[in-house]
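Chain by chain, the residues run as shown.
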Amino acid sequence: MKLSDLQELVDTWIHKQGVRYFDEMTNMAILTEEVGELARVMSRTYGEQSAKPGEKLDLADELADVLWVVTCIANQTGVNLEEAVVANLTKKSERDAVRHLQNEKLKR
């Protein structure tokens, strides 16, 4: 699936079943909440925390929740995610052309 397809899919769902987008600040708060839930799964799965009895640790679901809210924010603010990702990768490629290759900390 292309990012443009994802943006269209989310937009269709929002208008069909979600009634409308939450306002931008509410979506920012929801994104913060979802990232916190992702952090909980990561800390219990890959970190030193242990899961509580019966706690559901679904990394894929939490990543999808984060992606969903990011897509909602992009849609409601007019950001084309495909263009944004390409521009961001270009920026990183130019800025960090050799930085990571020369980073001794990464040569373990």
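Anything mentioned here points back to the structure above.
Residues numbered from 1 in each chain as written. Predicted model: local features only at pLDDT ≥ 70, side-chain atom pairs only at ≥ 80, totals over all residues. Heavy atoms only, no water.

1. Notes on the side chain of Glu 62
Summarising the element assignment, Glu 62 is placed in helix α3 (residues 59-77). Buried charge without a salt bridge: Glu 62, with Arg 40 as the nearest opposite-charge side chain at an N-O distance of 4.0 Å. (Helix = DSSP H or I, 4+ residues; strand = E, 2+ residues; numbered from the N terminus. Buried < 20%, exposed > 50% of the residue type's maximum accessible area, 1.4 Å probe, protein only. Lys, Arg positive; Asp, Glu negative; His and termini not counted. Salt bridge = Lys/Arg side-chain N within 4 Å of Asp/Glu carboxyl O.)

2. Side note on α3
Here α3 spans 27 Å end to end across 19 residues, near enough to the 27 Å set by a 1.5 Å rise per residue. Among all positions of α3, only Glu 62, Val 66, Val 69, Thr 71, Cys 72, Ala 74, Asn 75 and Gln 76 are buried. Looking at the packing, one finds that the buried side of α3 touches α1 (3-16), α2 (24-45) and α4 (81-95). One side-chain oxygen of the residue at the start of α3 lies 3.4 Å from the amide nitrogen of Ala 60, identifying that residue as Asp 58. Note on α3: the residue one or two positions beyond its end, Gly 78, has a positive phi of about 80°. (Expected span 1.5 Å × (residues − 1). Contact = heavy atoms within 4.5 Å. Polar contact = N/O pair within 3.5 Å; in protein donor to acceptor, adjacent residues only side chain to side chain.)

3. Notes on unusual backbone geometry
Its identity as a non-glycine residue notwithstanding, Val 19 has a phi of 75°, on the positive side. Counting through the fold element by element, Val 19 comes out in the loop between α1 and α2. Under the relative-accessibility criterion, Val 19 is labelled exposed at 67%.

4. A look at the packing of α2 against α3
Put simply, α2 and α3 touch, their axes get as near as 9 Å, and they point 160° apart. Taken together, the axis directions place α2 and α3 in an arrangement best described as roughly antiparallel. At the point where α2 passes α3, the crossing takes the left-handed sense. On α3, the residues touching Glu 24, Asn 27, Met 28, Ile 30, Leu 31, Glu 34, Val 35, Glu 37, Leu 38, Arg 40, Val 41 and Met 42 of α2 are Leu 59, Glu 62, Leu 63, Asp 65, Val 66, Val 69, Val 70, Cys 72, Ile 73, Gln 76 and Thr 77. (Axes fitted to C-alpha atoms, helices over the stretch in contact; angles between N-to-C directions. Parallel < 35°, antiparallel > 145°, perpendicular 65-115°, else oblique. Left-handed = near helix turned anticlockwise from the far one by under 90°.)

Interpretation note: all reported values are geometric properties and have no functional meaning in isolation.
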